[in-house]
Amino acid sequence: MLKNSIINYAAMSKTPILKPNYSYTFRSYFEMSFEPEDILAEFGYSLKRSSLNQKKSTIELDRLENLKSRIEESLPYISLTSEAARRELLIAPILLDVVHYTQAQLRIEYPLIVTEQLKGSLDYYLHADHKLLVVEAKNADLARGFTQLAVELIAIDAWTDSQEANLQGAVSTGDIWQFALLNRESKQITQDLNLYRVPADINDLLRILVAILSRYG
């Protein structure tokens, strides 16, 4: 009986998640209840959870204190259940300062169609010497937001003509950020074990974001 149960489970686990000839958007993967490892396996990628030990830029952050004080001042009056509030009052100001430091091009709601299973709009896509994808975690759900981020990185891997060995991204609820790295040769996505809080860790967060986009950090 136990042997049959194991065989049945093995057969169930190999059932494809994605339906042939069915259309999926990036948001579709956020809404799925499957484990991220299983979703990524549909595209031939694996998932690893590990500390990324991100490099931090050493440049002068001349807007840091002003940014931190503005966020600290406004947080008591912001309802973080509102996606618009998280996006416009927490995520966008940070990314605009990153643009100031790196002169990166920032694309918002950037449309991308790779296949019928990999299409949608990228929340924030920055490109300078290097590239960075940022996904807002809908409903403040960091776990499912990470799954969406991973799938979007896979889409960029298939779409970009860049020769970079790694692609990097971050998912954010506004007050919490988490990074991801896609190794293009091994087709492995690493989920950073470290979380960065806003405003408490904003110095480290900004320095990581700037370093990712800058040639010399």
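Use the structure listed above.
What you see is a predicted model, and the numbers here were worked out from it, not measured in a lab.

Focus: the overall build of the protein
- The secondary structure content of the protein amounts to 7 helices and 7 strands.
- Secondary structure elements in the protein, listed N-terminal to C-terminal, are α-α-α-β-α-α-β-β-β-α-β-β-β-α.
- Over its C-alpha atoms the protein spans a radius of gyration of 18 Å, differing by no more than 12% from the 17 Å that the globule rule assigns to 217 residues.
- Dimensions of the protein along its principal axes, counting C-alpha atoms only, are 65 × 40 × 30 Å.
- Taking all 217 residues of the protein together, 47% fall into the buried category.
- Pairs at least 24 residues apart make up 64% of the contacts formed inside the protein by residues separated by at least 6 positions.
- Surface accessibility of the protein: about 11400 Å² in total, with carbon and sulfur atoms responsible for 50%.

Digging into the sheet that holds strand β5 (residues 166–172)
- Ordered in space as β1-β7-β6-β5-β4-β3-β2, the 7 strands form an open sheet in which the pairing is mixed. Lying at the two open borders of the sheet, with one neighbouring strand each, are β1 (46–50) and β2 (105–115). The mean inter-strand angle of the sheet, taken between neighbouring strand axes irrespective of direction, is 30°.
- Judged from the 7 bridges that link them, β5 and strand β6 (residues 176–183) form a sheet pairing that is antiparallel. Within β6, the position partnered with asparagine 166 by the bridge is asparagine 183.
- Its contacts with the sheet put helix α5 (residues 83–102) on β2, β3 (118–127), β4 (131–136), β5 and β6, and the angle it makes with β3 is roughly 45°.
- Along the sheet face, helix α7 (residues 202–213) touches β3, β4, β5, β6 and β7 (188–197) and points at about 25° away from the line of β6.

What to know about the nonpolar core
- Ranked by internal contacts, the top residues of the largest apolar core, which has 32 residues, are Tyr29, Leu40, Leu133, Phe146, Leu149, Ile154 and Ile189.
- Breaking this core down by element, the ones donating at least two residues are α2 (26–31), α3 (36–41), β3, β4, α6 (142–159), β5 and β6.
- Element by element, the count of residues in this core is highest for α6, at 9 residues.
- Every residue in contact with tyrosine 29, bar those within four places of it in the chain, is listed here: Leu18, Tyr24, Ile39, Phe43, Gln117, Thr147 and Val151.

Digging into α6
- Between its terminal C-alpha atoms α6 stretches 25 Å, which fits the 26 Å expected from 18 residues at 1.5 Å a residue.
- Most of α6 sits out of view: 14 of its 18 residues are buried.
- Looking at where α6 begins, the residue whose side-chain oxygen comes 3.3 Å from the main-chain nitrogen of alanine 143 is aspartate 141.

Let's talk about the environment of leucine 106
- Mapped onto the elements of the fold, leucine 106 is located in strand β2.
- Between the C-alpha atom of leucine 106 and that of valine 135, which follows or precedes it by 29 residues, the distance is 13 Å.
- Beyond its immediate stretch of four places on either side in the chain, leucine 106 contacts Leu96, Val99, Tyr124, Tyr125 and Leu126.

Some thoughts on the packing of aromatic side chains
- Scanning the entire structure with this criterion turns up 7 aromatic pairs.
- The interplanar angle of 65° and the centroid separation of 5.9 Å between the aromatic rings of tyrosine 29 and phenylalanine 43 together place this pair among those described as edge-to-face. Taken together, the positions of tyrosine 29 in helix α2 and phenylalanine 43 in the loop between α3 and β1 put the pair 14 residues apart, joining distant regions of the chain.
- Taking the relative accessible area as the measure of exposure, tyrosine 29 reaches 0% and is therefore buried.
- The exposure class assigned to phenylalanine 43 is buried, which follows from its relative accessible area of 18%.
- Geometrically, the ring pair formed by tyrosine 110 and tyrosine 125 is stacked, given 6.0 Å between the ring centres and 25° between the ring planes. On the criterion of sequence distance, the pair formed by tyrosine 110 in strand β2 and tyrosine 125 in strand β3 is long-range, its members being 15 residues apart.

Cut-offs used in this document
- Residues numbered from 1 in each chain as written.
- Predicted model: local features only at pLDDT ≥ 70, side-chain atom pairs only at ≥ 80, totals over all residues.
- Heavy atoms only, no water.
- Helix = DSSP H or I, 4+ residues; strand = E, 2+ residues; numbered from the N terminus.
- Rg over C-alpha atoms; globule rule 2.2 N^0.38 Å.
- Buried < 20%, exposed > 50% of the residue type's maximum accessible area, 1.4 Å probe, protein only.
- Contact = heavy atoms within 4.5 Å.
- Areas by Shrake-Rupley, 256 points an atom, 1.4 Å probe, with all protein chains shown as cover.
- Pairing = 2+ DSSP bridges.
- Axes fitted to C-alpha atoms, helices over the stretch in contact; angles between N-to-C directions.
- Core = buried A, V, L, I, M, F, W, Y, C linked by side-chain atoms within 4.5 Å.
- Expected span 1.5 Å × (residues − 1).
- Polar contact = N/O pair within 3.5 Å; in protein donor to acceptor, adjacent residues only side chain to side chain.
- Phe/Tyr/Trp six-rings, centres within 6.5 Å; stacked < 30°, edge-to-face > 60°.

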